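Letter by letter, the chains look like this.
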Amino acid sequence: MHGTRMGAYFKEKLDTLRQRHDVIVDVRGMGLLLGIKLKVDGAPLVEKCMHKGFLINCIQDTILRFIPPLIIEKDAIDALVECLDEIFSK
């Protein structure tokens, strides 16, 4: 139940991010296993997130993949989305 609720919340936040930044093509996935397809190479974004304390993965060069723990809370999701928003704004 918790994972389902947090997955829906996370996806909603990523969709909002997609609407704010043209570099995001699509938000994909189910539950907490989510990803965003980018128009640019994702590797530099992974490194920037890592320097800010977030571990994310880049697959197929342009997809950022998120696999958070099932016990994740809204504040952690909000912090990651805020970090991504800041990175995409630069």
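Refer to the structure above for everything that follows.
Moving on to the pairing of strand β4 (residues 63–66). With 4 bridges connecting them, strand β2 (residues 33–38) and β4 associate as antiparallel partners. What sits directly across from L34, in β4, is F66. Direction of pairing for strand β3 (residues 57–59) relative to β4: antiparallel, over a ladder of 3 bridges. If you follow I59 over to β4, its bridge partner there is I63. Hairpin remark: β3 followed by β4, antiparallel, with 3 residues in the connecting loop; positive phi at Q60, about 50°.

Residue pairs spaced three or four apart in an α-helix point in one direction, given the helix's 3.6 residues per turn. A rise of 1.5 Å per residue sets the reference length of helix α3 (residues 74–89), with its 16 residues, at 22 Å; its end C-alpha atoms lie 22 Å apart and thus fit the reference within 8%. Among the residues of α3, those classed as buried are I77, L80, V81, C83, L84, D85, I87 and F88.

It is worth spelling out the pairing of β2 at this point. Both strand β1 (residues 24–30) and β2 contribute to a ladder of 6 bridges, which runs antiparallel. By the bridge assignment for β2, M30 is matched with L33. Two successive antiparallel strands, β1 and β2, enclose a turn made up of 2 residues, where G31 displays a positive phi of approximately 60°.

Glancing now at the pattern of salt bridges. The final tally for this structure, using the stated rule, is 6 salt bridges. The salt bridge involving D78 is made with K13; its shortest N-O contact spans 3.8 Å. In this pair, D78 is assigned in helix α3 and K13 in helix α1 (residues 2–20), connecting sequence segments 65 residues apart. Residue classification places D78 among the partly exposed residues on the basis of a relative accessible area of 28%. By relative accessible area, which is 28% here, K13 ends up partly exposed. With its nearest N and O atoms 3.9 Å apart, the salt bridge here joins K90 to E86. Judged by its relative accessible area of 34%, E86 is partly exposed.

Each value, and the rule that gives it
- Residues numbered from 1 in each chain as written.
- Predicted model: local features only at pLDDT ≥ 70, side-chain atom pairs only at ≥ 80, totals over all residues.
- Heavy atoms only, no water.
- Pairing = 2+ DSSP bridges.
- Helix = DSSP H or I, 4+ residues; strand = E, 2+ residues; numbered from the N terminus.
- Expected span 1.5 Å × (residues − 1).
- Buried < 20%, exposed > 50% of the residue type's maximum accessible area, 1.4 Å probe, protein only.
- Salt bridge = Lys/Arg side-chain N within 4 Å of Asp/Glu carboxyl O.

Treat this as a map of the structure, not an account of what it does.
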